[in-house]
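Secondary and tertiary structure notes
Single-letter residue listing:
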Amino acid sequence: MAGTPDRKLKILHVIDTLNPGGAERVLVTAANVFHRHGHETAVLAIVKAGPLAAELDTGIKLHTLGRSMRFSPLPMLQLGKIAAHYDIIHAHLHYNAVYAALSKILSGNSTPLIFHEHLGNVEQRKMGLPLKFTVKRSSFIGVSRRICG
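Focus: helix α3 (residues 94-107)
- Over its 14 residues, α3 runs 20 Å from end to end, which matches the ideal 20 Å to within 8%, given 1.5 Å per residue.
- Of the residues making up α3, those classed as buried are His94, Asn96, Ala97, Val98, Tyr99, Ala100, Ala101, Ser103 and Lys104.
- Following α3 by one or two positions, Gly108 has its phi on the positive side, about 75 degrees.

Some words on the packing of aromatic side chains
- Taken as a whole and judged by the stated rule, the model has zero aromatic pairs.
- Its guanidinium or amino end placed over the ring of Tyr99, Arg67 lies 5.0 Å from that ring's centre, counting from NZ or CZ.

Structural notes on helix α1 (residues 22-36)
- In a regular helix each residue adds 1.5 Å, so 15 residues correspond to 21 Å; α1 covers 21 Å between its end C-alpha atoms and thus fits that length.
- Those residues of α1 that sit buried are Ala23, Glu24, Leu27, Val28, Ala30, Ala31 and Asn32.
- Residues of α1 that are buried in the fold lie against β1 (10-17), β2 (40-48) and β4 (88-92).
- In the segment just after α1, Gly38 is the residue with positive phi, at about 90 degrees.

Side note on unusual backbone geometry
- The residue Leu93 is not glycine, and still its phi comes out positive at about 80 degrees.
- Mapped onto the elements, Leu93 comes out in the loop between β4 and α3.
- With a relative accessible area of 5%, Leu93 lands in the buried category.

Side note on the pattern of salt bridges
- On inspection of all chains with the given rule, the structure shows three salt bridges.
- Among the salt bridges present, the one from Asp87 reaches Arg7, with a minimum N-O distance of 3.3 Å. Placement of the pair is Asp87 in the loop between α2 (73-83) and β4 and Arg7 in the segment before β1, with a sequence separation of 80 residues.
- The class of Asp87 is partly exposed, set by a relative accessible area of 22%.

Side note on the packing of α2 against α3
- One can describe the packing of α2 onto α3 by two numbers: an axis separation of 8 Å at closest approach and a directional angle of 80 degrees. Looking at the two axes, α2 sits roughly perpendicular to α3. Contacts from Pro73, Pro75, Met76, Leu77, Leu79, Gly80 and Lys81 of α2 reach α3 at Tyr99, Ala100, Leu102, Ser103, Leu106 and Ser107.

Here we look at the side chain of Glu24
- For Glu24, the position within the fold is in helix α1.
- For the buried Glu24, which has no salt bridge, the nearest side chain bearing the opposite charge is Arg25, at an N-O separation of 8.5 Å.
- Among all residues touching Glu24, those that are not within four sequence positions of it are Ile15, Asp16, Thr17, Leu18, Asn19 and Leu52.

Let's talk about the nonpolar core
- With 19 residues, the main nonpolar core has Leu12, Val14, Leu44 and Leu79 as its most contacted residues.
- For this core, the secondary-structure elements that each account for two or more residues are β1, β2, α2, β4, α3 and β5 (113-116).
- Excluding anything up to four places from it in sequence, Val14 contacts Leu27, Leu44, Ile46, Leu79, Ile89, His90, Ala91, His92 and Asn96.

Overview of the environment of Leu62
- Tracing the sequence through the fold places Leu62 in strand β3 (residues 61-64).
- The exposure class assigned to Leu62 is partly exposed, which follows from its relative accessible area of 33%.
- Taking C-alpha positions, Leu62 is 9.2 Å from Thr41, a pair spaced 21 residues apart along the chain.

Rules of the game
- Residues numbered from 1 in each chain as written.
- Predicted model: local features only at pLDDT ≥ 70, side-chain atom pairs only at ≥ 80, totals over all residues.
- Heavy atoms only, no water.
- Helix = DSSP H or I, 4+ residues; strand = E, 2+ residues; numbered from the N terminus.
- Expected span 1.5 Å × (residues − 1).
- Buried < 20%, exposed > 50% of the residue type's maximum accessible area, 1.4 Å probe, protein only.
- Phe/Tyr/Trp six-rings, centres within 6.5 Å; stacked < 30°, edge-to-face > 60°.
- Lys NZ or Arg CZ within 6 Å of the ring centre and 35° of its normal.
- Contact = heavy atoms within 4.5 Å.
- Salt bridge = Lys/Arg side-chain N within 4 Å of Asp/Glu carboxyl O.
- Axes fitted to C-alpha atoms, helices over the stretch in contact; angles between N-to-C directions.
- Parallel < 35°, antiparallel > 145°, perpendicular 65-115°, else oblique.
- Lys, Arg positive; Asp, Glu negative; His and termini not counted.
- Core = buried A, V, L, I, M, F, W, Y, C linked by side-chain atoms within 4.5 Å.

Pasting the structure below:
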């Protein structure tokens, strides 16, 4: 059971790149913390790794898909196949969460998705169908009570 304290989880963090930025910094910190607590932790960069990849602890697996077009089906399918080996998909930022949700459908993957939004103005954004679809099929972590309520 995922809530059992003694159970070690297999966690896949998903983001587009690990270029310098706030969400990217949170991902690296979270991945390192989970890894240091004994969880099998991996990071999947949808586009490219970026300079913050060097700050991941040794032992954290890094997957890079090299996606070149926004909704390329092959990388989407690859993400779903990789995620099938993990207990949780932790997708950072809304566009990566949508991509991960679509990859789950394309690949038939049933791994639970956690959508971690880092932008404080998410509640002001018009939610299109892909984002509404993703929110309904994931757990949500927001950066403030305002966007979580």
